[in-house]
Amino acid sequence: MKQFSKIIIISVLILMAISSSAKVQSSFTKVENNHFVVNGQPYYFIGTNFWYGAILGSKGQGGDRVRLIKELDFLNSKGIINLRVLIGSDGESGVPSKVEPTLQIKPGVYNDTIFDGLDFLMSELGKRNMKAVLFFTNSWEWSGGYSQYLNWAGRGKNPVPSVDGWPAYMDFVKQYAGCSECRQMLKNHIKHVLFRTNRYTKKKYIDDPAVFSWQIGNEPRAFSNENKPLFVAWLKDISAYIKSLDKNHMITVGSEGQWGCEMDMALFEKIHADPNIDYLTMHIWPKNWGWLDVKNMSGTLQKCIDSTAVYMNNHIAVAHKLGKPIVLEEFGFPRDHHQYNLKDSTSLRDAYYTSVFKKVLASSKQNDVLAGCNFWAWGGFGRPNPKHIFWAKGDDYLGDPAQEEQGLNSVFNTDATMKVIEKYVQKMHNIPTLVDMNATPRTQALFHNMINNLGKGIMLCHQDDAAYGHDWYGKEGGSDVKAVTGQYPAMVGWELGHLEIGASYNLDSVYFTDMKRLMREVFERGGINTISWHGDNIVTGKTAWDCGQDSVVRSILPGGSNHAKFLTRLDRLAAFFHDLKDSKGELFPVIFRMYHEHTGSWFWWGAKQCTPDEYNQLYRMTVSYLRDVKGVHNILYAFSPAGITTEKEFLSRYPGNDWVDVVGFDNYCSMDNTKASNETYMKSVIEGLKVVTAYAKENNKIPILAETGMEKIGNPNFFTQVLLPTIEPFNISYVLLWRNAYTMKNHYFVPFPGNWAANDFKKFTESKKIIMSNNMPDMYAPCK
């Protein structure tokens, strides 16, 4: 019996050891099924180049650990967790265009302050679960690399391109591929780095999961067709050497791709087919490669985007062929006017970055081979020195190395580019993103809380609830919902029609001054406001229902005869949104549901009145103008066609996920109250809710039933026997019941005191599924 127990104990210990070992190994990045994996999960990323990280981490010249920690915290908070870092530069300091201070002063002779900085950097990355691609050498002069090793090997004085010219430099460094002494010196350096023990983590570098991969060099090249065989042989030898010393980490070349392979795609494929090379890389430089004309940047932007897509696709095809991941680890783009200061805008760069990020995002959703990108490069909290263009000792380190204009390609912490990066990082990690990445904190909180509360109840919304009711108008504290149930609805809908023409009251005779006051009251009791807009026909001057023309939308789009006039209408809307403030003067958010029921043909923006493309242009133009031109940042944008039952119908005029926060549809029950009509209503709403809830879940949107109800409420049990069982199975955020018109006796959708459906409605609101103002969660609490 004792022997049996002993065997069990030994077996358990062995299993624990195996489990522990597996756990340690899993934190290293590996390649599985053509993509990266960390801890058993796919690893896709948007990262950056942070080549100067080791210098910033040092205690010597150039060191600034306070800034380093600030940079890492900021990057980590934005989800930029993969950094490409130079281990250290080579040779003496004080050489024009070279990064300093250097790490390897002479072969095997090191500046320990830089190694200490690298140790500190890797320690801090590990604390934040961030990872670094560490590259050993460089084919370019700015960190020593090829030319410095050749100099050490006695092949002559290394030329400086800014002094001696590029032809002299290129002719000199093409010796590197056949330099056996250079190879050995690099091997010695690599071994020294791999087996170094980090003085902060006490780990050898070969045992540190914060190392994403080892990179042989930055943009290694053969530099001539004759050198190709030697180049291939060198990469094969050096990658095998690294792999023989370190089985934990991946290895990659650091190639630019075709441009770094003498324009030879076969060479690119050959060097990455080596079994010791775990993944492929490519770099793209639109300006350097002649795609971008700096004198006509906006005019050549699309050429850059198109050429980039072709270049990426060609290299991705090789990755597919080899069955390995590929990373676009360098791409840069100047500021809009090719200036080097933060006053210059970045709209062109942002559009270019977006084109790249979309490809990486699409690949991440499909577990495809394009595994990530590292934009060039991180300037962060550093700032260019206004006294000169190129780096000088004592200046902040930026993303632009010493040989480049400081601020040329750097991305700074305050750049608009950060919002683009943040948006796609969040999308990649399936974090819901707003249409407006500059939305106010309250607007962001509302969006995320509405998503987080899906499945916890359905908020009841009533159109114009606080403004008027069945037989009253403008009564203090008035609400037909409250009069019947004892509670206000969780949400209230409002209408902006006629605001666009400068009227003082809307098409339902609600004064806009009163509306803003009542909206404030809804917000301050914890409720949510949503707004529709039945704007007048700009061509005829009549109502939104004047829909006999098919050219109204076309006339208000850019280039149309009414475009400028329509923008003045949007100006009035923007002023209204800017004036939605609480009693402390702070903006509160609203949901704006514009151009709704567009799949019908009863509005001037309807299906027979404009093409799908024209409708999409109208929707996007409105969002862009309010958000980007007028600076309105307290809106969630809603989209609601009429009575859809299929995804095809729903998406037929959908402007795209980048333009919509809230998705729903409008559907009303016939007031004839027959069994057939009720069943038809229930069936169609159920089919519609299946579509919008599935789409919202897949695309991180807020699903709603945007408008519904039974006019005149011909069924006394409509709410508990028709509406509730229809919506109860679905995780929608809210349901909006249309208005109780004080001017039309039979135009009401919510019971009022004495109405035969009042008791049924009260039971409906008391259902555990329905949220009223008294049991509403805090929808404006900040979310992480």
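Residues take numbers from 1 onward in each chain, read along the sequence in its written order. Totals for whole chains, interfaces and linings use every residue, but because this is a predicted model, local features are given only for residues with pLDDT of at least 70 and side-chain atom pairs only at 80 or more, for both listing and counting. With hydrogens and water stripped out, all remaining heavy atoms of the structure feed into the side-chain values.

> Give me the lowdown on the packing of helix H5 (residues 145-152) against helix H7 (residues 166-173), citing residues and values where you can.
Working note: a packed helix pair is described by the angle between its axes plus the distance between those axes. The axes used here are C-alpha line fits, helices contributing only the stretch in contact, and every angle between their N-to-C directions lies in the interval 0 to 180 degrees. Counting from the N terminus, the helices are DSSP H or I runs at least four residues long and the strands are E runs at least two residues long. Two elements in contact, H5 and H7, have axes whose closest approach is 9 Å; the angle formed by their N-to-C orientations is 60°. Taken together, H5 and H7 sit at an angle that is classed as oblique. For the pair H5 and H7, the crossing hand works out as left-handed. Residues Tyr 146, Ser 147, Leu 150 and Asn 151 of H5 pack against Tyr 169, Phe 172 and Val 173 of H7. Convention used here: angles under 35 degrees read as roughly parallel, angles over 145 as roughly antiparallel, angles from 65 to 115 as roughly perpendicular, and any remaining angle as oblique. In this scheme the handedness of a crossing depends on how the near helix is turned from the far one: anticlockwise by less than a right angle means left-handed, clockwise means right-handed. Note on contacts: a residue pair is in contact if any heavy atoms of the two residues lie within 4.5 Å.

> How would you explain the pattern of salt bridges if you had to name every residue and give the values?
By definition here, a salt bridge exists when the distance from a side-chain nitrogen of Lys or Arg to a carboxyl oxygen of Asp or Glu is within 4 Å. Tallied over the entire structure, the rule returns 39 salt bridges. A salt bridge links Asp 582 to Arg 442, with the shortest nitrogen-to-oxygen separation between them at 2.9 Å. Taken together, the positions of Asp 582 in the loop between helix H18 (563-578) and strand E21 (590-594) and Arg 442 in helix H14 (residues 441-452) put the pair 140 residues apart, joining distant regions of the chain. Through salt bridges with shared partners, one network takes in Arg 65, Asp 112, Asp 116, Asp 119, Arg 196 and Arg 199.

> Go over the state of the cysteines, please, and point to the residues and values.
Any two cysteine sulfur atoms within 2.5 Å of one another count as a disulfide. The tally for this structure, following the rule as stated, stands at one disulfide. Residue pairing for Cys 179: its cysteine sulfur links by disulfide to Cys 182, the two sulfurs lying 2.4 Å apart. The chirality of the disulfide connecting Cys 179 with Cys 182 is right-handed, given an S-S dihedral of about 75°. Here Cys 182 falls in the buried class, since its relative accessible area comes to 0%. Cysteine Cys 373 remains unbridged, with the sulfur of Cys 304 as its closest cysteine sulfur at 17 Å. The rule is simple: take the accessible area with a 1.4 Å probe, protein chains only, and divide by the maximum for that residue type; under 20% is buried, over 50% is exposed, in between is partly exposed. For Cys 373, a relative accessible area of 0% translates into the label buried. Take Cys 461: it sits in no disulfide, and the sulfur closest to it among the cysteines is that of Cys 669, at 19 Å.

> Please provide a residue-by-residue account of the sheet that holds strand E11 (residues 280-284), values included.
If you trace the eight strands from one edge of the open sheet to the other, you get E10-E9-E8-E5-E4-E13-E12-E11, paired in parallel fashion. Every interior strand has two partners, whereas the edge strands, strand E10 (250-252) and E11, have only one. In this sheet, adjacent strand axes meet at a mean angle of 25° when their direction is disregarded. At least two DSSP bridges between two strands are needed for those strands to be called paired. Here strand E4 (residues 45-49) runs beside strand E13 (residues 370-375); their pairing, made up of four bridges, is parallel. By the bridge assignment for E13, Gly 47 is matched with Asn 374.

> Tell me about the nonpolar core, and please be specific about residues and values.
Note that soluble globular proteins tend to have their nonpolar side chains buried in a common cluster. Ranked by internal contacts, the top residues of the largest apolar core, which has 127 residues, are Leu 134, Trp 214, Phe 331, Tyr 352 and Phe 357. When residues in this core are grouped by element, the largest group, nine residues, is from helix H11 (residues 297-322). Residues in contact with Trp 214, not counting those within four places in the same chain, are Ile 87, Leu 134, Phe 136, Val 193, Leu 194, Tyr 205, Ile 242, Asp 246, His 249, Met 250, Ile 251 and Thr 252. Grouped together as the second largest cluster of nonpolar side chains are 117 residues, Val 435, Phe 512, Leu 570 and Tyr 695 included. The term nonpolar core refers to a set of buried residues drawn from Ala, Val, Leu, Ile, Met, Phe, Trp, Tyr and Cys, joined through side-chain atoms within 4.5 Å.

> Hey, could you go over helix H16 (residues 512-524) for me, with residue numbers and the actual values?
Multiply 1.5 Å by the residue count of a helix minus one, and that product is the helix's expected span. In this model H16 runs 18 Å from its N-terminal to its C-terminal C-alpha over 13 residues, within 8% of the 18 Å that 1.5 Å per residue would give. The secondary structure elements touched by the buried residues of H16 are H14, strand E19 (491-495), strand E20 (528-533), H18 and E21. The positive-phi residue at the C-terminal boundary of H16 is Gly 526, with phi of around 95°.

> I'd like a rundown of the pairing of strand E5 (residues 82-86), residues and numbers included.
The element E5 is extensively covered by neighbouring structure, given that five of its five residues are classed as buried. Across the two faces of E5 the burial is the same, with Asn 82, Arg 84 and Leu 86 and Leu 83 and Val 85 all buried. Sheet topology note: the E4/E5 ladder contains two bridges and is parallel. Of the residues in E5, the one forming a bridge with Asn 49 is Arg 84. Inspection of the sheet shows E5 paired to strand E8 (residues 131-138) by five bridges, in the parallel sense. The residue of E8 that forms the bridge with Asn 82 is Lys 131.

> Give a description of the sheet that holds strand E1 (residues 30-32) that names residues and reports values.
Within the open sheet, the three strands sit side by side as E1-E2-E3. Their pairing is antiparallel. Looking at the sheet topology across the chains shown, the edges are occupied by E1 and strand E3 (41-42). Relative to E3, strand E2 (residues 35-38) runs antiparallel, the two being bridged by two bridges. Bridge assignment links Val 37 to a residue of E3, and that residue is Pro 42.

> I'd like a rundown of helix H21 (residues 675-699), residues and numbers included.
Over its 25 residues, H21 runs 36 Å from end to end, which matches the ideal 36 Å to within 8%, given 1.5 Å per residue. Restricting attention to buried positions, one finds in H21 the residues Ser 677, Asn 678, Tyr 681, Ser 684, Val 685, Gly 688, Leu 689, Val 691, Val 692, Thr 693, Tyr 695 and Ala 696. Looking one or two residues past H21, Asn 700 carries a phi angle of roughly 60°, positive in sign.

> So what about the packing of aromatic side chains? Which residues, and what values?
Aromatic ring pairs: the centre-centre distance and the angle between the two ring planes describe each pair. Here a pair means two rings of Phe, Tyr or Trp (six-membered ring of Trp) with centres within 6.5 Å. Their orientation is stacked below 30 degrees between planes, edge-to-face above 60, and tilted elsewhere. Going through the model one piece at a time under the given rule, you end up with 70 aromatic pairs. Taking the centre distance of 5.7 Å and the plane angle of 65° together, the rings of Trp 51 and Trp 142 count as edge-to-face. Of this pair, Trp 51 sits in the loop between E4 and helix H2 (53-56) while Trp 142 is found in the loop between E8 and H5, placing the two residues 91 residues apart along the sequence. Taken as a pair, Trp 51 and Trp 142 share a single burial class, namely buried.

> If you had to explain the environment of Pro 432 to someone new, which residues and values would you point to?
Inspection of the secondary structure puts Pro 432 in the loop between helix H13 (417-428) and H14. The exposure class of Pro 432 is buried, given its relative accessible area of 13%. It is 49 Å that separates the C-alpha atoms of Pro 432 and Ile 105, two residues lying 327 residues apart in sequence. Among all residues touching Pro 432, those that are not within four sequence positions of it are Gln 426, Phe 447, His 448, Ile 451 and Asn 700.

> Can you lay out a nonpolar patch on the surface for me, pointing to particular residues and giving the numbers?
On the surface, Tyr 473, Tyr 505 and Tyr 511 cluster together into a nonpolar patch covering about 290 Å² of accessible area. Structurally, Tyr 505 can be placed in the loop between E19 and H16. Judged by relative accessible area, which is 37%, Tyr 505 ranks as partly exposed. Exposure above 30% relative accessible area and no salt bridge define the residues that can form patches, which grow by joining like charges within 9 Å and nonpolar side chains of Val, Leu, Ile, Met, Phe, Trp and Tyr within 5 Å. Reported accessibility uses the Shrake-Rupley method at a 1.4 Å probe radius. Residues are deemed covered only where the shown protein chains occlude them.

> Can you break down empty space enclosed by the protein residue by residue, with the values?
Both site types are read off a 1 Å grid over the protein atoms alone. A 1.4 Å probe that fits but cannot get out defines a cavity, while an open set with protein on both sides within 12 Å along at least five of seven lines defines a pocket; lining residues have an atom within 4 Å of a point. Grid points are joined across faces, edges and corners, and a volume is the space filled by probe spheres set on the points. Tallied over the full model, the rule gives three cavities of 30 Å³ or more. Approximately 50 Å³ is the volume found for the largest cavity. Looking at the largest cavity, the residues that line it are Met 450, Asn 453, Leu 454, Gly 457, Met 459, Ile 732, Ser 733, Ile 771, Pro 777 and Met 779.

> Go over unusual backbone geometry, please, and point to the residues and values.
With an omega dihedral of 0°, the bond running from Glu 100 to Pro 101 counts as a cis peptide bond. Residue placement: Pro 101 occurs in the loop between E5 and strand E6 (104-106). Cis peptide bonds are those with omega within 30 degrees of zero, and the linkage from Trp 376 to Ala 377 qualifies with 0°. Take Ala 377: it is sitting in the loop between E13 and strand E14 (378-380). Positive phi outside glycine occurs at Asn 367, with the angle close to 50°. Along the chain, Asn 367 falls in the loop between helix H12 (347-365) and E13.

> Got a sec to walk through the packing of helix H8 (residues 180-194) against helix H9 (residues 228-245)? Specific residues and values, please.
Interhelical geometry of H8 versus H9 gives an angle of 25° and a closest axis separation of 11 Å. By the angle class used here, H8 and H9 are roughly parallel. With respect to the hand of their crossing, H8 and H9 are arranged in right-handed fashion. Contacts from Arg 183, Leu 186, Lys 187, Ile 190, Lys 191 and Leu 194 in H8 reach Leu 230, Ala 233, Trp 234, Asp 237, Ile 238, Tyr 241, Ile 242 and Leu 245 in H9.

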